[in-house]
Amino acid sequence: IIKQLGLELFPLIDKQHTDVFLFASQIFENVDLDPFIRSLAIQLISIYGLEKQNLKAVLNLFEKAAQDESWELRECSAGFIRKLIRKFPEEMKTWYFKLSKSENALLRRFSSESIRPVADNKWFLKEPDFCFSVLENLYFESDPYPRSSVGNSLSDWARHDKEKVFEIVEKLVNNKNKNSYWIAYRACRNLVKNEPFRVMDLLNVDEYTYKKAIYKRKDLK
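To keep things clear, this report deals only with the structure shown in the data block. As a convention, each chain's residues are numbered from 1 in the sequence order in which they are written. Totals for whole chains, interfaces and linings use every residue, but because this is a predicted model, local features are given only for residues with pLDDT of at least 70 and side-chain atom pairs only at 80 or more, for both listing and counting. Computation of side-chain values covers all heavy atoms of the structure but excludes hydrogens and water.

### Some remarks on the side chain of Ser112
Okay, step 1: Here a helix means four or more residues in a row that DSSP labels H or I, a strand means two or more in a row labelled E, and each is numbered from the N terminus. Mapped onto the elements, Ser112 comes out in helix α8 (residues 105-113).
Okay, step 2: Beyond its immediate sequence surroundings of up to four residues, Ser112 is in contact with Leu135, Leu138, Ser149, Val150 and Ser153. Any pair of residues with heavy atoms lying within 4.5 Å of one another is described as a contacting pair.

### Re helix α2 (residues 20-29)
Okay, step 1: Any residue under 20% of the maximum accessible area for its type is buried, any over 50% is exposed, and the rest in between are partly exposed; the area is computed with a 1.4 Å probe on protein chains only. Looking at α2, one finds that the buried residues are Val20, Phe21, Ala24, Ser25 and Phe28. With its buried residues spanning 120° around the axis, α2 presents them on a single face. As used here, the arc belongs to the directions running from the helix axis to the C-beta atoms.

### Concerning the nonpolar core
Okay, step 1: Among the nonpolar cores identified, the biggest contains 70 residues, and Phe62, Ile81, Met92, Tyr96, Leu154, Leu203 and Tyr208 are the most heavily contacted of them.
Okay, step 2: Residues in contact with Phe62, not counting those within four places in the same chain, are Ile42, Ile45, Ser46, Ser77, Phe80, Ile81, Leu84, Trp95 and Phe110. We call a set of buried Ala, Val, Leu, Ile, Met, Phe, Trp, Tyr and Cys residues a nonpolar core when their side-chain atoms join them within 4.5 Å.

### Quick look at the packing of helix α11 (residues 162-174) against helix α14 (residues 196-203)
Okay, step 1: Every axis in this analysis is a line fitted to C-alpha atoms, fitted for helices over the stretch in contact. Angles between the N-to-C directions lie between 0 and 180 degrees. Running from N to C, α11 and α14 cross one another at 25°; their axes reach a closest spacing of 9 Å. By the angle between their directions, the pair α11 and α14 is classed as roughly parallel. Of the residues in α14, those in contact with Glu163, Phe166, Val169, Glu170 and Val173 of α11 are Arg198, Val199, Leu202 and Leu203.
Okay, step 2: Looking at the contact of α11 with α14 residue by residue, the classes come out as 6 nonpolar, no polar and 3 charged. Any angle from 65 to 115 degrees is called roughly perpendicular, while one under 35 is roughly parallel, one over 145 is roughly antiparallel, and all others are oblique. Note on residue classes: Ala, Val, Leu, Ile, Met, Phe, Trp, Tyr, Cys and Pro are nonpolar, Asp, Glu, Lys and Arg are charged, and everything else, Gly too, is polar.

### Structural notes on α8
Okay, step 1: Counting buried positions over the 9 residues of α8 gives 8, a clear majority of the element.
Okay, step 2: Turning to α8, its buried residues are Ala105, Leu107, Arg108, Arg109, Phe110, Ser111, Ser112 and Glu113.
Okay, step 3: Considering only its buried residues, α8 is in contact with α4 (55-66), α5 (71-80), α6 (82-87), α7 (89-100), α9 (129-135) and α10 (144-157).

### Here we look at the environment of Phe124
Okay, step 1: Looking at the element boundaries, Phe124 is found in the loop between α8 and α9.
Okay, step 2: For Phe124, a relative accessible area of 0% gives the class buried.
Okay, step 3: Taking C-alpha positions, Phe124 is 35 Å from Arg217, a pair spaced 93 residues apart along the chain.
Okay, step 4: Setting aside residues no more than four positions away along its own chain, Phe124 makes contact with Ile85, Ile115, Phe130, Cys131 and Trp157.

Rendered as structure tokens:
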């Protein structure tokens, strides 16, 4: 609803010769407003970035949104940034590298969550280097919030390129680091459904558990 509402509102506001960026920024900066109203402002800002080619100002506000205390706003901003990645891949890659190395866990989480291979990011399937070059900066992540996002992102990728994810899982296990191993384990939650022995061999375990699903080597034929 917010996404579509933004698409409808932007041309109406722009047609009135109103400064869309200033209008949306003032709404976003008002922390007393409902987070979904502020998320609408972020959607308007993302469209502004596309239409007016003013990326620097837009990214400054997205960086604020990525650190906001509102979960709803953080999630919406992770979705609305995706159209800008495709439009400005080189500039965005530089920005994503900065976020993925930030001291702020929320920014690191944003850098992973917003590049998951979901519908808006389908072009990544033909150009996966953007994603994996960013995720590589997070393979030793110690904070649970961004670390979960990295594992989930790799798990999503397993549906599209399982061999690439198997390769990454092996690399993560060989890091001999508990956080890398945790990500590797999480990345296998889809792979284990069809290739449980291969997963368990890579992870050096006889049992793989994710939520209510349990795969035991001794029970599998």
